[in-house]
Amino acid sequence: MGFVKDRFKVKADSVAAEIKQIIAEHGNKVLGETTIAQAYQGMRGIIGLITETSLLDAEDGIRFRGYSIPELREKLPKAPGGTEPLPEGLFYLMLIGELPSEEDVEHLSATFARKSHVPNYVFDVIEKLPISTHPMTQFSIAITALQKESIFAKEYANGINKKEYWSYIFEDCMNLIARLPRIAAYIYRRKYKNGDHIQPNGMLDWAGNFAHMLGYDNKGFYALMRLYLTIHADHEGGNVSAHATHLVGSALSDPYLCFASGMNGLAGPLHGLANQEVVKWIEDMCQELNTNAPNKDQISDYIKKTLTEGKVVPGYGHAVLRKTDPRFTAQMEFAKTHCPDDPMVQTVWNVYAVAPEILGATGKIKNPFPNVDAHSGALLKHFGLIEEEFYTVIFGVSRALGVLAGLCWDRALGFPIERPKSVDTHWIKAFIKGEAVKED
Ligand code: HAX
């Protein structure tokens, strides 16, 4: 990895020294109180994690090392003639904490291309699965199978000094990121294109090569993949995929095992699978109304029906955000340039025009605005990638950049095994009465 690894080590050593001092001088400062409701209801708002790669503001949305998505679309290096940032650049920013130069990004693209070989036994494992297996399950199994390649696991078994962990974790993370597009594209072509696979093109950037291996060799789709893989990469540390990756890593499980855990979380319908659910929800609505262009009144009625049936409106709401997700807005802007007349894109925009008011009127949904998943499927459909069950895999390929950069930081900073305290309802009842409870 050469200079990127060296630069990371310099940065990480300096941050580790700062953290040591912060803990020594301020370690007893209270960050906040925890309520009984928070303990029962998903730990919302409890500050209990450190994630260096990005920070989420409820109103402004995600910032990667201080940069918003519009800023990154402007400042990150682009492919020659390209309009959207290269995700390698965002990875560099999350890892090193500074904007990369064109050369830094070219170096990362070339490194990922060089490391992208996937051993045949991984494809054999995929081939053994029933073709009907969900693409996310195939993806998770393939990543777990690839764990055999973990350098960290091998070196740990040989016995290594804990100061060296970060170095092998770093190598594993780079190798895994490099290999994911090939694995994902293999799953796609196997399931949907009769196993007619497309060989990688080592001259292309990471996202461009993914687009090429998926089989969508056109400029618009390349631009979409570069934008998509950039904006889905990270959303601070508490979301399920990031938190799962980080948690499992704290047990010193290697990056393959950690990332597979993160992907199993991303596969949930309240998290990354929501992109698939949005498209299914729109298609079900269109089928029921017998039109591919429902009007706003029809959409309003369908939203109310969804709520009455006790279902969620996918693509809306968020545990932290309280405004329209800037990742939604970035995709909307992309669609305005590339496909403003697409019927599904127009439906996404019409849902946006009516849903917030209806969801807000329930009085219980804390964020009635769209999240990242409300828009992505319509863009993929527009460019011909119509198989929505695959959408979360694309999200997963992108998410690797953030959570694996985070894992490098976790090990470089020497974070210990994670082990928050849990209690039972018996304990809570006694606590309310002011009684002490004996713990086993
Ligand atoms: N439709 C219907 N009801 C919703 C809702 C929605 N879009 N969003 C929230 N609610 C409901 C909750 O289910 C909850 O109901 P109960 O009290 O009956 O349990 C109530 O409103 C309060 O929930 P909240 O505090 O506003 O939201 P949470 O922090 O608990 O949950 C979720 C956040 C994102 C899971 C939620 O908004 C949701 O289910 N949205 C739809 C699924 C979705 O789009 N997920 C993707 C989120 C972004 C992401 O991670 N992408 O990968």
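Refer to the structure presented above.
No experiment lies behind these values; they were computed from the predicted model shown.

Focus on the overall build of the protein chain
- Scanning the protein chain from N- to C-terminus turns up 20 helices and two strands.
- Relative to its length of 440 residues, the protein chain is compact, with a C-alpha radius of gyration of 22 Å against a globular reference of 22 Å.
- Taken along its principal axes, the extent of the C-alpha atoms in the protein chain is 65 × 65 × 45 Å.
- A burial count over the protein chain gives 51% of its 440 residues as buried.
- A separation threshold of at least 6 residues defines the contact pool for the protein chain, and within that pool the share at least 24 residues apart is 75%.
- Approximately 20400 Å² of the protein chain is accessible, and the part contributed by carbon and sulfur atoms is 53%.
- With 46 positive and 53 negative side-chain charges, the protein chain shows a spacing of 3 Å between the two charge centroids.

Structural notes on the site of the ligand
- Around the ligand, a shell composed of 21 residues is seen, among which Gly315, Tyr316, Lys364, Lys366 and Asp373 lie nearest.
- Gly272 places a polar main-chain atom, nitrogen or oxygen, 3.4 Å from an oxygen atom of the ligand.
- Among the residues forming the shell around the ligand, the class breakdown is 10 nonpolar, six polar and five charged.

As for the pairing of strand E1 (residues 54-57)
- Every second residue of E1 is oriented toward a common face, the buried set being Ser54 and Leu56 and the non-buried set Leu55 and Asp57.
- For E1 and strand E2 (residues 61-64), the ladder comprises four bridges, and the chain directions are antiparallel. Its bridge partner being in E2, Ser54 is matched across the sheet by Phe64.
- Where E1 hands over to E2, the hairpin turn is made up of three residues, counted between the paired strands.

Structural notes on the state of the cysteines
- Scanning the model with the defined rule gives zero disulfides in all.
- Cysteine Cys173 shares no disulfide, and the gap to the nearest cysteine sulfur, in Cys408, comes to 3.8 Å.
- Looking at the unpaired Cys286, the closest cysteine sulfur is the one in Cys339, lying at 16 Å.

Overview of helix H6 (residues 120-128)
- Buried within H6 we find Val122, Phe123 and Ile126. Taken around the axis of H6, the buried residues stretch over an arc of 100 degrees, which confines them to a single face. Among the exposed residues of H6, those oriented more than 90 degrees off its buried face are Asn120 and Lys128.
- In this structure, the buried residues of H6 make contact with helix H7 (135-145) and helix H9 (165-192).

With respect to unusual backbone geometry
- Positive phi outside glycine occurs at Glu236, with the angle close to 50 degrees.
- By the element assignment, Glu236 lies in the loop between helix H11 (219-231) and helix H12 (240-249).

Re the environment of Thr51
- When you line up the elements, Thr51 lands in the loop between helix H2 (36-40) and E1.
- With relative accessibility at 30%, the residue Thr51 sits in the partly exposed group.
- Between the C-alpha atom of Thr51 and that of Phe383, which follows or precedes it by 332 residues, the distance is 35 Å.
- Contacts of Thr51, omitting those with residues within four sequence positions, involve Glu236 and Gly237.

A look at the packing of helix H16 (residues 326-338) against helix H17 (residues 343-361)
- Running from amino to carboxyl end, H16 crosses H17 at an angle of 140 degrees, the nearest separation of the two axes being 11 Å. Considering their axes alone, H16 and H17 lie oblique with respect to each other. Both H16 and H17 take part in a crossing whose hand is left-handed. Between H16 and H17, the residues in contact are Phe328, Met332, Ala335 and Lys336 and Val345, Val348, Trp349 and Tyr352, respectively.
- Per-class residue counts for the contact of H16 with H17 are seven nonpolar, no polar and one charged.

Some thoughts on the packing of H7 against H9
- The interhelical angle for the contact between H7 and H9, taken along N-to-C directions, is 140 degrees, at an axis separation of 10 Å. With respect to H9, the axis of H7 lies oblique. The hand of the H7/H9 crossing is right-handed. Contact with H7, carried on its side by Pro135, Gln138, Phe139, Ala142 and Ile143, involves Leu176, Leu180, Ile183, Ala184, Ile187, Arg190, Lys191 and Tyr192 of H9 and no other residues of that element.
- Class assignment for the residues of the contact of H7 with H9 results in 10 nonpolar, one polar and two charged.

A look at the pattern of salt bridges
- The full count for this structure, using the stated rule, is 20 salt bridges.
- With its nearest N and O atoms 2.4 Å apart, the salt bridge here joins Glu98 to Lys11. Placement of the pair is Glu98 in the loop between helix H4 (87-96) and helix H5 (102-114) and Lys11 in helix H1 (residues 3-26), with a sequence separation of 87 residues.
- In this structure, a network of salt bridges that share partners links the residues Glu288, Lys305, Glu309 and Lys311.

Regarding H7
- Of all 11 residues in H7, eight are buried, a share of seventy percent or more.
- Where H7 is concerned, the buried positions are Pro135, Met136, Gln138, Phe139, Ser140, Ala142, Ile143 and Ala145.
- Where the residues of H7 are buried, they touch H6, H9, helix H13 (255-266) and helix H19 (391-412).

Rules and cut-offs
Residues numbered from 1 in each chain as written. Predicted model: local features only at pLDDT ≥ 70, side-chain atom pairs only at ≥ 80, totals over all residues. Heavy atoms only, no water. Helix = DSSP H or I, 4+ residues; strand = E, 2+ residues; numbered from the N terminus. Rg over C-alpha atoms; globule rule 2.2 N^0.38 Å. Buried < 20%, exposed > 50% of the residue type's maximum accessible area, 1.4 Å probe, protein only. Contact = heavy atoms within 4.5 Å. Areas by Shrake-Rupley, 256 points an atom, 1.4 Å probe, with all protein chains shown as cover. Lys, Arg positive; Asp, Glu negative; His and termini not counted. Charge placed at Lys NZ, Arg CZ, Asp CG, Glu CD. Near = heavy atom within 4 Å. Polar contact = N/O pair within 3.5 Å; in protein donor to acceptor, adjacent residues only side chain to side chain. Nonpolar A, V, L, I, M, F, W, Y, C, P; charged D, E, K, R; others polar. Pairing = 2+ DSSP bridges. Disulfide = S-S within 2.5 Å. Arc of directions from axis to C-beta. Axes fitted to C-alpha atoms, helices over the stretch in contact; angles between N-to-C directions. Parallel < 35°, antiparallel > 145°, perpendicular 65-115°, else oblique. Left-handed = near helix turned anticlockwise from the far one by under 90°. Salt bridge = Lys/Arg side-chain N within 4 Å of Asp/Glu carboxyl O.

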